Amino acid sequence: MSKQEKLQGKTILITGASSGAGRAAALEFAKYQTYLVLASRNEAALEEVKIDCEALGAKVLIVATDTSDSKAMIALANAANDWQGKIDVWLNNAGVLAAGDFDKTPMAVHEQVIQTNLLGYMNGAHAVLPIFKAQGYGTIINNISIGGFLPVPYGAGYTAAKFGLRGWSEALKGELSEWPDIHVCDLFPAFLDTPGIQHAGNYTAKVLKPAPPVYDPFRLAQAMVKVAADPRANTYVGSVSMLLKIGHAALPELMTKMTGSVMRRYLKSADPIALTDGNVFTTVDYGLSTHGGFGLPGKPKSHRKYIAGVLVAGMALGFYLICKKK
């Protein structure tokens, strides 16, 4: 059965659908004549996405929602279920980022990052699982990112949420193993060319950019569609994602120190910028698109795809030489 046959007429709910990966996912799912429920704090941006998705053949319901509010997420699930009488796929995607020294970033910011990035996903699953259990099937897709394995120095709250997400999802998979038609699927993309980093809370006083190579968010959106059609527990999007996971698993201490060193070196030379809360507490009115302008659409150039592999190999060699000297 083709993806078209598997997805046509399905009800797909996407959080964080106003920009970036969520917006790309909405446009990609729309091609399959799905019923889309698009959620975000920014209702005006959702209206724009709705028009684009309907032009591609989808039926669309938009719901302005803050995922960190558990009651609002229950209301979102009920609205989606009432609309079509079912929910087939729930895509947890909404997220925020804050960068800065841990002790110089307000605790309220760390708390909100965790509320959105971790508890927001938990709120979504908690709201939709009773519906899934009642209908006997359903798929939860969690857009976790490689940040679920690789720590992000100067993004401690983000890392806490992403590591927590991976643990929570693993626990949920074990709990739902007696429900063979309810799937929990985790996606671990590498760095994406989205506006997310431009929307971030920034306490570094420096312009932030994603580490190269960056991937087109539509590549992640296509992976989301594939997983929705054929659920699988874990999907790594981009070869760099798997390389970084392996690197940290093999040499965690060295990898962590290296990421901190790379961040410090970058921040020393980056252009200055005013401190900002970004979209941590409220929505923003700029850059609400799929791309952030950090790379060309499509795949990264082949020689850049293996930067992480070279770094991992170099660290392994360095680790071997250090041990040999002892």
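About the thresholds
- Residues numbered from 1 in each chain as written.
- Predicted model: local features only at pLDDT ≥ 70, side-chain atom pairs only at ≥ 80, totals over all residues.
- Heavy atoms only, no water.
- Buried < 20%, exposed > 50% of the residue type's maximum accessible area, 1.4 Å probe, protein only.
- Helix = DSSP H or I, 4+ residues; strand = E, 2+ residues; numbered from the N terminus.
- Salt bridge = Lys/Arg side-chain N within 4 Å of Asp/Glu carboxyl O.
- pLDDT = per-residue confidence, 0-100.
- Contact = heavy atoms within 4.5 Å.
- Expected span 1.5 Å × (residues − 1).
- Arc of directions from axis to C-beta.
- Axes fitted to C-alpha atoms, helices over the stretch in contact; angles between N-to-C directions.
- Parallel < 35°, antiparallel > 145°, perpendicular 65-115°, else oblique.
- Left-handed = near helix turned anticlockwise from the far one by under 90°.
- Nonpolar A, V, L, I, M, F, W, Y, C, P; charged D, E, K, R; others polar.

1. Here we look at helix H2 (residues 20-30)
Part 1: Counting buried positions over the 11 residues of H2 gives 11, a clear majority of the element.
Part 2: Gly20, Ala21, Gly22, Arg23, Ala24, Ala25, Ala26, Leu27, Glu28, Phe29 and Ala30 are the residues of H2 that are buried.

2. Focus on the pattern of salt bridges
Part 1: Here the structure, examined in full by the defined rule, presents seven salt bridges.
Part 2: Arg23 is paired through a salt bridge with Glu48; the nearest N and O atoms lie 3.6 Å apart. Remark: Glu48 occurs in helix H3 (residues 43-55) and Arg23 occurs in helix H2; sequence separation between them is 25 residues.
Part 3: Between Lys86 and Asp88 there is a salt bridge, with the nearest N and O atoms lying 2.4 Å from each other.
Part 4: Its relative accessible area of 6% is what places Asp88 among the buried residues.

3. Some details on the confidence of the model for the protein chain
Part 1: Averaged over all residues, the pLDDT of the protein chain equals 91, while 90% of them reach at least 70.
Part 2: Confidence drops under pLDDT 50 across residues 297-310; counting only partners more than four residues distant or on other chains, this segment forms 18 contacts.
Part 3: Between residues 312-326, whose pLDDT stays under 50, and residues either more than four places distant or in other chains, the model counts 10 contacts.

4. Some details on the side chain of Thr11
Part 1: Within the element layout of this structure, Thr11 appears in strand E1 (residues 11-15).
Part 2: Among the residues examined, Thr11 registers a relative accessible area of 0% and is labelled buried.
Part 3: Once you skip the residues sitting within four places of it in the chain, Thr11 turns out to touch Tyr35, Val37, Gln84, Lys86, Ile87, Asp88 and Val89.

5. Some details on helix H9 (residues 252-269)
Part 1: For H9, which comprises 18 residues, the first-to-last C-alpha distance of 26 Å matches the rise-based estimate of 26 Å (1.5 Å per residue) to within 8%.
Part 2: What H9 keeps buried is the set Met255, Thr259, Gly260 and Leu267. End-on view of H9: buried residues confined to an arc of 135°, all on one side of the axis. Among the exposed residues of H9, those pointing more than 90 degrees away from its buried face are Glu253, Lys257, Arg265, Lys268 and Ser269.

6. As for the packing of H2 against H3
Part 1: Axis separation between H2 and H3 bottoms out at 9 Å; the angle between their running directions is 25°. As judged from the angle between their axes, H2 and H3 are roughly parallel. Viewed along their axes, H2 and H3 form a crossing whose handedness is right-handed. The segment H2 lies against H3, with Arg23, Ala26, Leu27 and Ala30 engaging Glu48, Val49, Asp52 and Cys53.
Part 2: For the contact of H2 with H3, the class distribution of residues is five nonpolar, no polar and three charged.

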